Amino acid sequence: MSDNNNIRHILESWPYDPEEDLMTRLVDTDEGVKLQMRVDMGIIQIELDGNPNGEKPAGCESWFEHFLARQEETESSEVDDYFTLGEHDCKLLRREAVRYYYRYLCLMKLGDYERVIRDTDRNYRLFAFIKKYATREIDRWSLDQYRPYVIMMNTRARASLAVQRHDRDSGDGSHDTSSLEDALKLINKGIDNIADFFEEYGIASEMEDSVELSILTALKNEFLRSLPLTLEDQLKQAVEEERFEDAARLRDMIKGAVKNG
């Protein structure tokens with residue numbers, strides 16, 4: 001009996017650790033780099049780009065692209081017809097959204113923030129698409145209920161990229177703090193967008209229990225605690241080097257950060 005299908009040796013080479021929140025890695029294969037996620041009883045392999053499962057449903061990159069094309073075709077035709085998403089359509093899109101969720105979850109763990117932004121932007125647009133065209137209320141809510149989570153992950157990725165830009169600039173001897181300013185603005189925007197979600201559904205009273213808001217608020221507070229000290233150090237250096245325009249801008253930033261805190 002052939003044992004070619006037995007993957008035990010692969011699983012044993014990467015043992016599952018129940019204490020680790022998320023086990024993920026990149027591996028080189030004959031088909032290029034793949035993303036893998038270790039779960040209790042196996043390994044999930046994910047494409048880095050395109051459809052996470054590598055398929056091309058209906059000849060498109062994804063079911064979302066397929067239905068977008070159908071929607072555009074329907075609404076641009078001269079026939080008096082309306083595009084809608086039925087129960088089966090929404091089921092296909094939900095399953096696909098979960099695959100993108102697993103991918104951006106792994107990518108966040110690996111620090112691939114640009115791809116996290118790409119996939120969360122994509123799922124955000126998909127949620128809005130289903131909300132607009134689904135015929136059943138339960139389908140419209142089924143994914144949109146996770147919009148705060150997508151906003152939170154997208155915001156964290158964008159803020160992390162801004163911090164990376166600042167770190168690179170600082171390493172080059174630059175005193176530009178615009179990237180940190182951008183990170184704070186992004187976090188504030190994410191918080192506002194999540195608050196808008198609760199207001200939209202008339203459940204503002206539930207905001208205080210939002211895990212996503214708590215995460216972004218904690219991230220903002222972390223910035224506000226550390227940013228003034230960092231800016232004060234830069235202000236001191238700017239004065240010593242007689243870069244008075246930079247010094248004036250840094251003073252304004254420090255005042256703004258303390259006020260918002």
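See the structure above.
All values derive from a computational prediction rather than experimental measurement.

**Considering the pattern of salt bridges**
Consideration 1: What the rule picks out here adds up to 19 salt bridges.
Consideration 2: Close ionic contact of D49 with R118 constitutes a salt bridge, the shortest N to O distance being 2.6 Å. Of this pair, D49 sits in the loop between β3 (42-47) and α2 (63-76) while R118 sits in helix α4 (residues 113-133); the two residues are 69 residues apart in sequence, bridging distant segments of the chain.
Consideration 3: With relative accessibility at 30%, the residue R118 sits in the partly exposed group.

**Observations regarding the nonpolar core**
Side chains of nonpolar character tend, in soluble globular proteins, to be buried together.
Consideration 1: Ranked by internal contacts, the top residues of the largest apolar core, which has 49 residues, are F67, L85, L93, L126, F129, I130 and I194.
Consideration 2: If we skip the residues at most four places from it in the chain, I130 touches L85, C90, L93, D139, R140 and L143.
Consideration 3: Among the nonpolar cores identified, the runner-up in size contains 7 residues, and L231, L235, A238 and I254 belong to it.

**Observations regarding the packing of α2 against helix α3 (residues 87-110)**
Consideration 1: Across the interface, α2 lies against α3 with an axial gap of 9 Å and an inter-helix angle of 140°. In terms of orientation, α2 lies oblique with respect to α3. Taking contact as the criterion, the partners of W63, F64 and F67 in α2 are, on α3, D89, L92, L93 and E96.
Consideration 2: When the residues that make up the contact of α2 with α3 are grouped by side-chain class, the tally is 5 nonpolar, no polar and 2 charged.

Thresholds applied
- Along each chain, residue indices are assigned from 1 in the same order as the chain's sequence is written.
- Two thresholds apply to this predicted model, a pLDDT of at least 70 for residue-level local features and 80 or more for giving and counting side-chain atom pairs, whereas whole-chain, interface and lining totals are computed over all residues.
- Only hydrogens and water are set aside; all other atoms, that is, all heavy atoms of the structure, feed into the side-chain values.
- In the sections that follow, a salt bridge refers to a side-chain nitrogen of Lys or Arg positioned within 4 Å of a carboxyl oxygen of Asp or Glu.
- A run of H or I in DSSP becomes a helix once it reaches four residues, and a run of E becomes a strand once it reaches two; helices and strands are each numbered from the N terminus.
- A simple rule labels every residue: compare its accessible area, found with a 1.4 Å probe on the protein chains alone, to the largest value its type can have, and call it buried under 20%, exposed over 50%, or partly exposed in between.
- Nine residue types can take part in a nonpolar core, namely buried Ala, Val, Leu, Ile, Met, Phe, Trp, Tyr and Cys, and a core is a set of them joined through side-chain atoms within 4.5 Å.
- Contacts are residue-level and defined by heavy atoms, with any inter-residue pair within 4.5 Å sufficient.
- Angular values range over 0 to 180 degrees, each being the angle between N-to-C directions of two axes fitted as lines to C-alpha atoms, with helices fitted over their stretch in contact.
- An angle below 35 degrees is treated as roughly parallel, one above 145 as roughly antiparallel, one from 65 to 115 as roughly perpendicular, and anything else as oblique.
- Each residue is assigned to one class: nonpolar for Ala, Val, Leu, Ile, Met, Phe, Trp, Tyr, Cys and Pro, charged for Asp, Glu, Lys and Arg, and polar for all the others, Gly among them.

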